[in-house]
Amino acid sequence: MLKIDHLYFSYNNVKNLLTDINFTLNDGEYISIIGSNGSGKSTLIRLILKLIEPTDGTINNTFKNMAYVPQRFNQLNIHFPITVREVLASYKKVRHNGCQDISEVLNLLNLKEKEQTLIGQLSGGQCQKVFIARALLGNPDLLVLDEPSNGIDVKSRDEIYELLANLNKSKKMSIICVEHNLQAAVKNSTLLYHIKKGHGHMCLPERYAQEYIKNDLGDIKC
Amino acid sequence: MLEYSFMQNAFLISFFIAALCPVIGMFLVLRRYSMMGDTLSHASLAGISIGMLANQNPVLSSFIVVSMFSIIIEWLRKHFRTYAELILVIVLSLSIGIAITLLSSGLVHANIDSLMFGSILTVTKSDFYWVLFFSVISLFLVYRYYAELMFIVFDEEGAVIAGANVKLINYLFAVLVAATISISIRIVGILVISSLIALPIAASLQLEKSFKQTLWYGILFSYIDIFSGIVLSYWLDAAPGGIIAINSVILLLIVLFYKHKIRSNKKRIIQE
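Residues numbered from 1 in each chain as written. Chains lettered and ligands numbered in written order. Predicted model: local features only at pLDDT ≥ 70, side-chain atom pairs only at ≥ 80, totals over all residues. Heavy atoms only, no water.

Named according to an unreviewed UniProt entry, chain B is Zinc transport system permease protein originating from Pectinatus brassicae. UniProt, in the comment section headed Sequence similarities (unreviewed entry), describes chain B in these words: "Belongs to the ABC-3 integral membrane protein family." (UniProt positions renumbered as here; feature names shortened; annotations may be inferred.)

The name an unreviewed UniProt entry gives chain A is Zinc transport system ATP-binding protein, with Pectinatus brassicae as the organism. Quoted verbatim from the Sequence similarities (unreviewed entry) heading of the UniProt record, the comment on chain A is "Belongs to the ABC transporter superfamily."

What follows concerns the packing of helix α2 (residues 36-53) of chain B against helix α9 (residues 166-188) of chain B. Residue and element names in this part refer to chain B. Remark: α2 packs on α9, axes separated minimally by 9 Å, with the N-to-C direction vectors making an angle of 65 degrees. Of the possible angle classes, the one that applies to α2 and α9 is roughly perpendicular. Here α2 and α9 pass one another in a crossing that is right-handed. Residues Met-36, Gly-37, Leu-40, Ser-41, Ser-44 and Ile-48 of α2 form the contact with α9, whose own contacting residues are Val-177, Ile-181 and Ile-185. Considered class by class, the residues forming the contact of α2 with α9 number six nonpolar, three polar and no charged. (Axes fitted to C-alpha atoms, helices over the stretch in contact; angles between N-to-C directions. Helix = DSSP H or I, 4+ residues; strand = E, 2+ residues; numbered from the N terminus. Parallel < 35°, antiparallel > 145°, perpendicular 65-115°, else oblique. Left-handed = near helix turned anticlockwise from the far one by under 90°. Contact = heavy atoms within 4.5 Å. Nonpolar A, V, L, I, M, F, W, Y, C, P; charged D, E, K, R; others polar.)

For the structure shown, the criterion picks out two cavities of 30 Å³ or more. Estimates place the volume of the largest cavity at around 50 Å³. Lining the largest cavity are Ala-67, Tyr-68, Tyr-91, Arg-134 and Ala-135 of chain A together with Gly-158, Ile-161 and Ala-162 of chain B. Mapped onto the lining of the largest cavity, the elements with two or more residues apiece are β5 (66-69) and α4 (124-137) of chain A together with α8 (156-162) of chain B. Per-element accounting of the lining of the largest cavity gives the leading share, three residues, to α8 of chain B. Residues of the lining of the largest cavity, tallied by class, amount to six nonpolar, one polar and one charged. (1 Å grid on protein atoms, 1.4 Å probe; cavity = no way out; pocket = protein on both sides within 12 Å on 5 of 7 lines; lining within 4 Å. Points joined across faces, edges and corners; volume = space filled by probe spheres on them.)

Let us look at the pairing of strand β1 (residues 2-10) of chain A. Residue and element names in this part refer to chain A. Here β1 runs beside strand β2 (residues 16-25); their pairing, made up of six bridges, is antiparallel. Within the sheet, the bridge partner assigned to Ser-10 lies in β2 and is Asn-16. For β1 and strand β4 (residues 56-61), the ladder comprises five bridges, and the chain directions are antiparallel. Its bridge partner being in β4, Asp-5 is matched across the sheet by Thr-58. (Pairing = 2+ DSSP bridges.)

Encoded structure:
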């Protein structure tokens, strides 16, 4: 379980980027964090991953094994000389134990034939799948993703969402996903967390969809 | 040529630094820190000057001072994330300031030419033992933390989340860079150390191979650069540093030409 209580965050104590954030993610739930650009979605994820410290408030995390799929794969140096297998093997070595077999994960994501391909020679969708494969290698109980469908083709996007839904339903894997794809968020998530101007509201996906249509992309309060 | 003991020492030392420089250089180049070699080589001049002042072995005193500056660079990296190259300028200024002050004040008398351009005549057996000591330890540590170093260079944040002790490994790597610089300047000299660290890797990166293969090609190119440089410097009676630097650039140009040729051939086959 992940419980966030009265969480505040500001850079250099100047202005609150996140204000009084509260939510609970129970085991096996799939929460999508939505909101406009600069609303603080990625900052919230960085706080959950303990990459930055909150200004105030608490994050109680009982998940033992977190894994992260970054958004910035498309900002990577495409000339970096590393193959798909090397990306996964280095992760496995760092994690020491409890990891799956690399070939198994590659088969799951249909990447087996790309095993020896350089990361820079993959398409955006394939590259994203490599990062998901890396995250799944360690058998996580909480998977955190930052805009997994950003900048990738429709086919890969559908495959990724199908895989996430499958992991959540069949393996009961808990998922937190920063999302700009509202359709996917409403379809797959157990709950939605909408952040606007640093304030967050939890809502049910169906309710959000209704309000979204009613308000014509406008102010949504769930 | 090999009957001279100074040539034997030069070849023995070169055998180790030719392997170590590209190994360390690979991680520096991919971190966009190619110029760190240049900065720390100037810090080593300060280290050698301090060592001479204190009557200590120059390789050891250089290692201590360069390690200190290397750790300062790593520490400052967090404070100058946007202008990372500024850190190198700051450290370069301080270290060269110390070195010039000591050397120009007459407190220390050193053969500046051999330090600047490298020398095979002044290499001693004691230097070789220090090179052997630092090389074996450094290569072992890179082998031991190879996966972690590769992961950190590729995705530092990802490595933190995966549980790697990124801070410790980064500081350890800073010391390994210091060791590499300290033992290499005897042969290649302060002014051209960067060529030995960056250019073999610049050439091997052109081949677009895996991380491991890029590293092995870098080592191979480094051996070609250094050994041909030492042989030529003996025949031409010139400083090895300069010849090694020229060889590195020639080899890089050959690789670039080869790459261009292969690409042109591929294009022609596709068109046909």
